[in-house]
Amino acid sequence: MMSGSSEGRFTLIQGPEMDTNRAFRDDVRSGLLARSKRMSCRFLYDDRGSKLFEEICTQPEYYPTRVEASILERVAPKIVSTIDAPPHLIELGSGSAEKTRFLIEALIERHGSLVFEPIDISRAALEESAAGLLEQFPGLIVRAIAAEYITGLELLAQEAGSSESPRLVAWLGSSIGNFERRDAVTFLGALRQSLLPADRILLGIDLRKDAAVLNAAYDDAAGTTGRFIKNLLVRINRELGGNFDLECFRYQARYDEEQGAVEMSLICERPCQVMIPELGLDIHFTAGESIHMEDSYKYSATEIEALARDAGFLVQECWEDDRHYFREVLLEPQPEPGS
Ligand code: AVI
């Protein structure tokens, strides 16, 4: 619920509803029938999964959230000073918009007012975070878009012609790290298509670092990350009538230095049979067999340059923390070759 003082400053654009149930069923079926079993990490975020992810962000070992917040707190005024005209601020996958506050504050300080357009699949998360932001910032207008990233991007593309303001698109939290490297280029390239020359992307990206730091960050002592990953089996049991015995599976996170990725898996500890009646599946797991659940890719400075270039951007400026754990990268769209 918006309070009286926020009235008229909030609108929500509902994108086409995704058939998540269908996509989930297809993904579980193909993932469990594959020679190397795997699941897609996009299904980790049901209500409980989203809460568990928030809990991960507060674990002492999981540095990315805190480090990125500290960078943004320090450099937000510098970031916003790189854009002359008052921009609209767009955020992809905004969730609670906790770190975005620093950008919002700096933009309002500089220009007096701001249009903020968060894109998130969760309508509830958008409404909740907007209520807090509108109360805190009287100069703020929120136009929330409830949609998947890609659909939200298409809605943005349709708007591109109608707005005179440049857009600053924030994609924080190193969410790009959950894409395979090639898919990250494809996704950023698609984003590039919906931008005009004066627009910028602010990309928060986790850097390659010591394996011990990464292994601890993705296998916290309190076991929160393990619960978050195992929650996908809970979801299969609840939504598809499965009978996964959680005790049979052990969570494992392992940083592969060569790939530059933390691989998160569930390892079957003893032979077991899993039935998923809604999918007509009866699957055998051997002892030691794994289900690949998620990857979190880390980037070097050279890899960031290549990612930007291959997706049609130039790195305009970067900001890091003292330990070089995390980087904010400002990307400038480059003209298409031949245009
Ligand atoms: C959302 N994403 C950037 C997180 C990450 O760090 O890769 C997801 C995560 N999975 C386990 N811990 C955090």
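Look up a bit, the structure's there.
Residues numbered from 1 in each chain as written. Predicted model: local features only at pLDDT ≥ 70, side-chain atom pairs only at ≥ 80, totals over all residues. Heavy atoms only, no water.

Concerning the overall build of the protein chain
Per the secondary structure count, the protein chain includes 10 helices and 13 strands. Its C-alpha atoms give the protein chain a radius of gyration of 21 Å, within 12% of the compact-globule value 20 Å for 339 residues. Overall, the protein chain is about 60 × 45 × 45 Å in size when its C-alpha atoms are taken along their principal axes. Buried positions account for 51% of the 339 residues belonging to the protein chain. By sequence separation, contacts in the protein chain at least 24 residues apart represent 74% of the contacts at least 6 residues apart. Here the protein chain displays about 15,600 Å² of accessible surface, and carbon together with sulfur accounts for 50% of that area. The average position of the 36 basic charges and that of the 56 acidic charges among the side chains of the protein chain differ by 3 Å. (Helix = DSSP H or I, 4+ residues; strand = E, 2+ residues; numbered from the N terminus. Rg over C-alpha atoms; globule rule 2.2 N^0.38 Å. Buried < 20%, exposed > 50% of the residue type's maximum accessible area, 1.4 Å probe, protein only. Contact = heavy atoms within 4.5 Å. Areas by Shrake-Rupley, 256 points an atom, 1.4 Å probe, with all protein chains shown as cover. Lys, Arg positive; Asp, Glu negative; His and termini not counted. Charge placed at Lys NZ, Arg CZ, Asp CG, Glu CD.)

Structural notes on the pairing of strand 12 (residues 313–320)
Strand direction decides the pairing type here: strand 12 and strand 13 (residues 326–333), joined by seven bridges, are antiparallel. Bridge pairing in strand 13 places Glu 320 opposite Arg 327. Joining the antiparallel neighbours strand 12 and strand 13 is a turn of five residues, in which His 324 adopts a positive phi near 60 degrees. (Pairing = 2+ DSSP bridges.)

Some remarks on the sheet that holds strand 7 (residues 249–256)
Spatially, the three strands line up as an open sheet ordered 7-8-11, and their pairing is antiparallel. The sheet is open, and its two edges are formed by strand 7 and strand 11 (290–297), each paired on a single side. Mean inter-strand twist for the sheet, computed between neighbouring axes without regard to direction, equals 20 degrees. By the bridge criterion, seven bridges tie strand 8 (residues 261–268) to strand 11 in an arrangement that is antiparallel. Note that in strand 11 the partner of Ser 265 across the bridge is His 292. (Axes fitted to C-alpha atoms, helices over the stretch in contact; angles between N-to-C directions.)

Considerations on the nonpolar core
Counting 76 residues, the largest nonpolar core has Leu 140, Phe 244, Phe 249, Ile 276 and Phe 285 as the members making the most contacts within it. Residue contacts for Phe 249: discarding those within four places in its chain leaves Lys 230, Leu 233, Phe 244, Leu 266, Ile 267, Cys 268, Cys 272, Phe 285 and Ile 291. (Core = buried A, V, L, I, M, F, W, Y, C linked by side-chain atoms within 4.5 Å.)

So, the site of the ligand
With respect to spatial proximity, 14 residues lie near the ligand, and among them Tyr 62, Asn 178, Tyr 218, Glu 294 and Ser 296 are the closest. Taking Tyr 218, its side chain carries an N or O atom lying 2.5 Å from an oxygen atom of the ligand. Within the side chain of Glu 294, a nitrogen or oxygen atom sits 2.8 Å from a nitrogen atom of the ligand. Protein chains bury 96% of the 340 Å² of accessible surface belonging to the ligand in isolation. Going through the elements one at a time, helix 2 (47–56), helix 9 (224–240) and strand 11 are the ones with two or more residues in the shell around the ligand. In terms of residue class, the shell around the ligand is built from seven nonpolar, six polar and one charged. (Near = heavy atom within 4 Å. Polar contact = N/O pair within 3.5 Å; in protein donor to acceptor, adjacent residues only side chain to side chain. Nonpolar A, V, L, I, M, F, W, Y, C, P; charged D, E, K, R; others polar.)

Re the packing of helix 7 (residues 181–193) against helix 10 (residues 301–310)
At a closest axis distance of 8 Å, the pairing of helix 7 and helix 10 adopts a crossing angle of 45 degrees. One element, helix 7, and the other, helix 10, form an angle in the oblique class. Along this stretch, helix 7 crosses helix 10, giving a crossing that reads as right-handed. Across the interface between the two elements, Arg 181, Ala 184, Val 185 and Leu 188 from helix 7 touch Glu 303, Leu 307 and Asp 310 from helix 10. (Parallel < 35°, antiparallel > 145°, perpendicular 65-115°, else oblique. Left-handed = near helix turned anticlockwise from the far one by under 90°.)

Observations concerning helix 9
For helix 9, built from 17 residues, the straight-helix expectation of 24 Å at 1.5 Å per residue is met to within 8% by its first-to-last C-alpha distance of 24 Å. Bending of helix 9 peaks at approximately 30 degrees at the position of Lys 230. For helix 9, the buried fraction is high: 12 of the 17 residues fall into the buried class. If you check which residues of helix 9 are buried, you get Thr 224, Thr 225, Gly 226, Phe 228, Ile 229, Lys 230, Asn 231, Leu 232, Leu 233, Arg 235, Ile 236 and Leu 240. Positive backbone phi, at 70 degrees, marks Gly 241, one or two positions downstream of helix 9. (Expected span 1.5 Å × (residues − 1). Bend = angle between axes of the 7 residues up to and from the residue.)

Things to note about helix 1 (residues 20–33)
Taking 1.5 Å per residue as the helical rise, helix 1 with its 14 residues ought to reach 20 Å, and the 20 Å between its terminal C-alpha atoms agrees with that figure. The set of residues buried in helix 1 consists of Ala 23, Phe 24, Asp 27, Val 28, Gly 31 and Leu 32. The buried residues of helix 1 occupy one face: seen down the axis, they fall within an arc of 140 degrees. Opposite its buried face, helix 1 presents the exposed residues Arg 22 and Leu 33, each directed more than 90 degrees away. The inward-facing, buried residues of helix 1 abut helix 9, strand 9 (272–276) and strand 10 (281–285). (Arc of directions from axis to C-beta.)

Describing unusual backbone geometry
For Ser 174, which is not glycine, the phi dihedral falls at a positive 55 degrees. Relative to the assigned elements, Ser 174 resides in the loop between strand 5 (167–171) and helix 7. One non-glycine residue with positive phi stands out, namely His 324, at about 60 degrees. In this structure, His 324 sits in the loop between strand 12 and strand 13.

Just geometry here; none of it tells us what the structure is for.
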